Amino acid sequence: MAYGGPPQLPPRRQIPRPMPENGPLIGKPPRVQKNDCICSLALSGTCPKTSDTCSSYHPPYRTQFVWQYKSLSDDSWNCYDKSENELLENEYCDPHKTTGQVQCDGLIVYDFNEMKATRYFSNFDERRDTIRRIETGGKFRSPWEYYWLNNQNVWKRFFRKNDNGISGAEIDQFFHSVAFNEQKLKSFSIKGQEFFLHIKRKSPQEWEMFETDSNLKMRSKVTRRPRKQKPVIS
């Protein structure tokens, strides 16, 4: 499906250049060496540990979600700055957006299916990155919504009304019960008709989901995206 066509990229020169130690960004981006979960106590300012001793990650700004990149020449995860973080999150919350671009300090062209991004700088240099999103647990965790793809290529949100359907919270609880490299089924009904949700988790960032009816005559893709929320700011 197409939404507005492919992003328009600026002209660029494919000339390999040595990259400075801190990358072409202004200042040194915060690095994430080991942790892939944000410390909820750090967000509330009550964590008794430092960022070096805490088993969870202390983000450079108070937010329950952090977008990070890792370039081909660097094994460390680095944080996007605050404004870029919010722009990427805003894009990711829309299930119809799988590829696109955001403009901040340079142009970032993203692919959420592959979790890849290319950054274009004003001097026409570019950097190709792997990207990921990490979040916190507890009361600051972003709620996730789940969607199925109809025949018009429109993502429709799962919801429960009385005894019909299934809510995003129910699916999310089931999603996290599925171990990596395991596949599970969850049944639900709508107006007396039974449906099955198939979930297979490959890694924290990779999963496969689809929906079928009891007669296996219908099969729809299923995806998940966080609900749009304002970041936690002191």
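This structure is a prediction, so every number in the text was calculated from the model and none was measured.

Undergrad: Which parts of the structure should I look at to understand the nonpolar core?
TA: The tendency in soluble globular proteins is for nonpolar side chains to be buried side by side. Residues Trp67, Tyr80, Ile131, Phe158 and Ile199 are the most contacted members of the largest nonpolar core, which totals 26 residues. Contributions of two or more residues to this core are made by strand 2 (65-71), helix 2 (82-92), strand 5 (106-111), strand 8 (144-149), helix 3 (168-175) and strand 13 (193-203). In this structure Ile199 touches Ile171, Phe174, Phe175, Val178, Glu182, Gln183, Lys184, Glu208 and Met209, once residues within four positions along its chain are discounted. Formed by nine residues, the second largest nonpolar core is a distinct cluster that contains Ile38, Tyr57, Tyr61 and Ile134.

Undergrad: Honestly, the environment of Ser55 in this entry has me stumped. Any pointers?
TA: As for its position among the elements, Ser55 is in the loop between helix 1 (40-44) and strand 2. Separated by 18 residues in sequence, Ser55 and Cys37 have C-alpha atoms that sit 8.7 Å apart.

Undergrad: Just checking my understanding: could you explain the pattern of salt bridges for this structure?
TA: Pairing between side chains becomes possible if they bear opposite charge and their charged atoms approach one another. In this structure the tally under the stated criterion is 11 salt bridges. When the shortest N-O distance is used, the salt bridge between Glu91 and Lys97 registers 3.1 Å. Residue classification places Glu91 among the buried positions, given a relative accessible area of 12%. The class of Lys97 is partly exposed, set by a relative accessible area of 30%.

Undergrad: Would you mind going over the packing of aromatic side chains with me for this structure?
TA: The geometry of an aromatic ring pair comes down to the distance between the two centres and the angle between the two planes. Applying the stated criterion across every chain yields a total of 10 aromatic pairs. Centroid distance Trp67 to Phe112: 5.5 Å. Interplanar angle 35°. Geometry classified as tilted. Highlighted residues: Trp67 in strand 2 and Phe112 in the loop between strand 5 and strand 6 (116-120), separated in sequence by 45 residues. Cluster of aromatic residues (ring-pair linked, three or more members): Trp67, Tyr92, Tyr110, Phe112 and Trp144. Above the plane of the ring of Phe175 lies Arg224, whose end atom (NZ or CZ) is 4.1 Å from the centre.

Undergrad: Teacher, can you tell me more about the side chain of Arg127 here?
TA: Looking at the element boundaries, Arg127 is found in strand 7 (residues 126-135). On the basis of relative accessible area, Arg127 is assigned to the buried category, the value being 4%. A polar contact is formed between the side chain of Arg127 and the side chain of Asp129, at a distance of 2.9 Å.

Undergrad: Before we go on, may I ask you to explain the state of the cysteines in this structure?
TA: Such a bond, covalent and formed between the sulfur atoms of two cysteines, is termed a disulfide. Tallying each qualifying case throughout the model produces zero disulfides. This cysteine, Cys47, is not joined by any disulfide, and Cys39 carries the nearest cysteine sulfur, 3.8 Å off. The exposure class assigned to Cys47 is buried, which follows from its relative accessible area of 18%.

Undergrad: How should I be thinking about the sheet that holds strand 14 (residues 206-213) in this particular structure?
TA: The strands that make up a sheet are held in pairs by hydrogen bonds between backbone atoms, and each pair lies either parallel or antiparallel. Taken in spatial order, the six strands of this open sheet run 9-8-15-14-13-12, and their pairing is antiparallel. The sheet is open, and its two edges are formed by strand 9 (155-157) and strand 12 (182-190), each paired on a single side. Sheet twist, expressed as the mean angle between neighbouring strand axes with direction ignored, is 30°. Relative to strand 15 (residues 219-226), strand 8 runs antiparallel, the two being bridged by five bridges. In the sheet register, Glu145 faces strand 15, and the bridge partner there is Arg225. Together, strand 8, strand 14 and strand 15 form the strand contacts of helix 2, whose direction differs from that of strand 15 by roughly 155°.

Undergrad: Would you take a moment to explain unusual backbone geometry for this structure?
TA: Backbone phi values are negative for most residues with the exception of glycine, while trans is the configuration of most peptide bonds. With a phi angle near 55°, Met115 is a residue other than glycine that sits in the positive phi range. Residue position: Met115 is located in the loop between strand 5 and strand 6. Given a relative accessible area of 9%, Met115 falls into the buried group. One non-glycine residue, Asn181, adopts positive backbone phi at about 65°. Mapped onto the elements of the fold, Asn181 is located in the loop between helix 3 and strand 12. When its relative accessible area of 63% is taken as the criterion, Asn181 is described as exposed.

The rules behind the values
Just so you know, the residues in each chain are numbered from 1, in the order the chain's sequence is written. This being a predicted model, a pLDDT of at least 70 is required before a residue's local features are given, and a value of 80 or more before pairs of side-chain atoms are given or counted; all residues contribute to the totals for chains, interfaces and linings. Hydrogen atoms and water are omitted, and side-chain values are computed over all heavy atoms in the structure. Here, the term nonpolar core denotes a set of buried Ala, Val, Leu, Ile, Met, Phe, Trp, Tyr and Cys residues that are joined through side-chain atoms within 4.5 Å. When accessible area is computed with a 1.4 Å probe and restricted to protein chains, residues below 20% of their type maximum are described as buried, those above 50% as exposed, and intermediate ones as partly exposed. Secondary structure elements are taken from DSSP: a helix is a run of H or I of four residues or more, a strand is a run of E of two residues or more, and numbering for both begins at the N terminus. Here, two residues are considered to be in contact whenever any of their heavy atoms come within 4.5 Å of each other. Within this document, salt bridges are pairs made up of a side-chain nitrogen of Lys or Arg and a carboxyl oxygen of Asp or Glu, the two lying within 4 Å of each other. Centres within 6.5 Å are what make two rings of Phe, Tyr or Trp a pair, Trp counting through its six-membered ring; a difference in plane orientation under 30 degrees is then read as stacked, over 60 as edge-to-face, and the rest as tilted. For a Lys NZ or an Arg CZ to count as sitting over a ring, it must be within 6 Å of the ring centre and within 35 degrees of the ring normal. In protein, a polar contact means a hydrogen-donor-capable atom and an acceptor-capable atom, both N or O and within 3.5 Å, with residues adjacent in sequence counting only if both atoms are side-chain atoms; elsewhere, any N or O pair within 3.5 Å suffices. When two cysteine sulfur atoms are found within 2.5 Å, that pair is recorded as a disulfide. When DSSP locates at least two bridges between a pair of strands, those strands are taken to pair. Orientation is described by lines fitted to C-alpha atoms, with helices fitted over the stretch in contact, and by angles between N-to-C directions that extend from 0 to 180 degrees.

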